[in-house]
Amino acid sequence: MMHYRGKVFRPPFEEKSLLIEATVGCSRDKCAFCSLYHDTPFSPSPMEDIESDIRFIGRNRTLFKRVFLVGGDPFCLPFNRLQRIGELIGEQMPRVETIGCYASVRNILAKTPEQLAQLAQLGYAGLNIGFETGLDDVLAFMDKGNTADEAREAFARLNEAGIPFTLNLVMGLAGTGRGTENALANAAIVNEAQPQLLIVTALNVWPGSKLYDYVEAGEFTPPTLREIIEEEVAFLRATGLEDTFFFGMHELNPVRVNGNLPEDRDFLAAELEAGIGRFPADQLDAQIRQIYRENGLVRRTGRMS
Ligand code: SF4
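Criteria and thresholds
- Residues numbered from 1 in each chain as written.
- Predicted model: local features only at pLDDT ≥ 70, side-chain atom pairs only at ≥ 80, totals over all residues.
- Helix = DSSP H or I, 4+ residues; strand = E, 2+ residues; numbered from the N terminus.
- Rg over C-alpha atoms; globule rule 2.2 N^0.38 Å.
- Buried ≥ 20, exposed ≤ 12 C-beta atoms within 10 Å, placed from the backbone.
- Contact = placed C-beta atoms within 7 Å.
- Pairing = 2+ DSSP bridges.
- Axes fitted to C-alpha atoms, helices over the stretch in contact; angles between N-to-C directions.
- Near = placed C-beta within 6 Å.
- Nonpolar A, V, L, I, M, F, W, Y, C, P; charged D, E, K, R; others polar.
- Expected span 1.5 Å × (residues − 1).
- Parallel < 35°, antiparallel > 145°, perpendicular 65-115°, else oblique.
- Left-handed = near helix turned anticlockwise from the far one by under 90°.

**Student:** Tell me about the overall build of the chain, and please be specific about residues and values.
**Tutor:** Each helix and strand in the chain was counted, giving 12 helices and 10 strands. Expected size for 305 residues packed as a compact globule is a radius of gyration near 19 Å; at 19 Å, the chain falls within 12% of this value. C-alpha extents for the chain along the principal axes are approximately 60 × 40 × 35 Å. Expressed as a percentage of the 305 residues in the chain, the buried residues total 45%. The long-range fraction of contacts in the chain, counting pairs at least 24 apart against all pairs at least 6 apart in sequence, stands at 81%.

**Student:** Break down the sheet that holds strand E5 (residues 98–103) for me, citing the residues and quoting the values.
**Tutor:** Here eight strands make up an open sheet; going across it, the order is E1-E4-E5-E6-E7-E8-E9-E10 and the pairing mixed. Whereas interior strands pair on both sides, the edge strands pair on one side only; in this sheet they are strand E1 (18–21) and strand E10 (257–261). Averaged over all pairs of adjacent strands, the angle between their axes in this sheet comes to 25°, without regard to strand direction. Bridge analysis of strand E4 (residues 66–70) against E5 gives four bridges, and the strand direction is parallel. Residue pairing for E5: valine 67 is matched across the bridge by isoleucine 99.

**Student:** Outline the site of the ligand, supporting the account with residue identities and numerical values.
**Tutor:** Close to the ligand lie 15 residues; Cys26, Arg28, Cys31, Cys34 and Gly72 are nearest. Across the shell around the ligand, the residue classes break down as six nonpolar, four polar and five charged.

**Student:** Before we move on, could you go through helix H2 (residues 79–92) and cite the residues and values that matter?
**Tutor:** Over its 14 residues, H2 extends 20 Å from the first C-alpha to the last, a length consistent with the 20 Å expected when each residue adds 1.5 Å. Residues of H2 that are buried make contact with helix H1 (47–59), E4, E5 and helix H4 (113–121).

**Student:** Lay out the packing of helix H9 (residues 225–238) against helix H10 (residues 265–276) with the relevant residues and their values.
**Tutor:** Interaxial distance between H9 and H10 falls to 9 Å at its minimum, and their mutual angle equals 165°. Taken together, H9 and H10 sit at an angle that is classed as roughly antiparallel. The interaxial crossing formed by H9 with H10 has left-handed handedness. Within the contact between the two elements, H9 uses Arg226, Ile229, Glu232, Val233, Leu236 and Arg237 and H10 uses Arg265, Leu268, Ala269, Leu272, Glu273, Gly275 and Ile276. Partitioning the contact of H9 with H10 into residue classes produces seven nonpolar, one polar and five charged.

**Student:** Got a sec to walk through unusual backbone geometry? Specific residues and values, please.
**Tutor:** The bulk of non-glycine residues show a negative phi, and the bulk of peptide bonds are trans. Leucine 261 connects to proline 262 through a cis peptide bond whose omega is 15°. Here the phi dihedral of aspartate 29 falls at roughly 50°; this positive angle occurs in a residue that is not glycine. As for its position among the elements, aspartate 29 is in the loop between strand E2 (23–24) and strand E3 (43–44). In this structure, aspartate 143 is a non-glycine residue whose phi angle is positive, near 60°. Inspection of the secondary structure assignment puts aspartate 143 in the loop between helix H5 (136–141) and helix H6 (148–161). For aspartate 143, a count of 14 C-beta atoms within 10 Å puts it in the partly exposed group.

Have a look at this one:
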């Protein structure tokens, strides 16, 4: 039997992956916009449980081609642990081609370039990273734990090591009046990073998050729905990507689009602009949180990356 001690979340593109729990909770659990793991103290999963899960699946000769290690950010595990997990998967599940997990900029920078190259050799690929924003003051306000330059450095190291990755961005994270600025800062870093996949999600202010308290205290003003959509358009138009899948289909997104960049860029931007016309003006110009509250869509917990 598999061991799952904590909450299990996976990105939408991992629906066919074998999920193996490597950590419980998030090693940071501080980001102001996220309340997902507040009730789950962080701990690495016992290595004997991970090994038992890998051997269990291996004995059953399954057809999985990809493993996604679950937990808030399993890439926080020390290199030796990630190496051992990769080796065990290779021995016990020879059909598995790649191993992914959630990762943070800090997790990546804690590994040397040589260690990242060794993990790439073991099949680590498709890391899912909460980039969120390229604006330093917003990263600091949201207590993300890294600067924009550190994000740049982490993405460059992954590219150097040959580990493809996904970046998550939160539209509206800079607050009202700063959508274009956020879009351009994000695009500058994303263009440099050339991720395999971009996941774009509209900001939501989750009850239980520090951001919720900041809004209540008047320290942060969320953007309007119109600003969220316009920021996504500005971001798309500023992208210079060579081969990236753009996924903007999260249920929080007011207009949902997805496609390949660069070829679908203008089409996606036009779809988003057309989507603005489908909302009544009072909704478009209300802060996003008010809309979710009025429509009964406020949820108890949530993750943005
Ligand atoms: S956003 Fe990611 S890194 Fe930040 S607290 Fe939530 S799960 Fe942890």
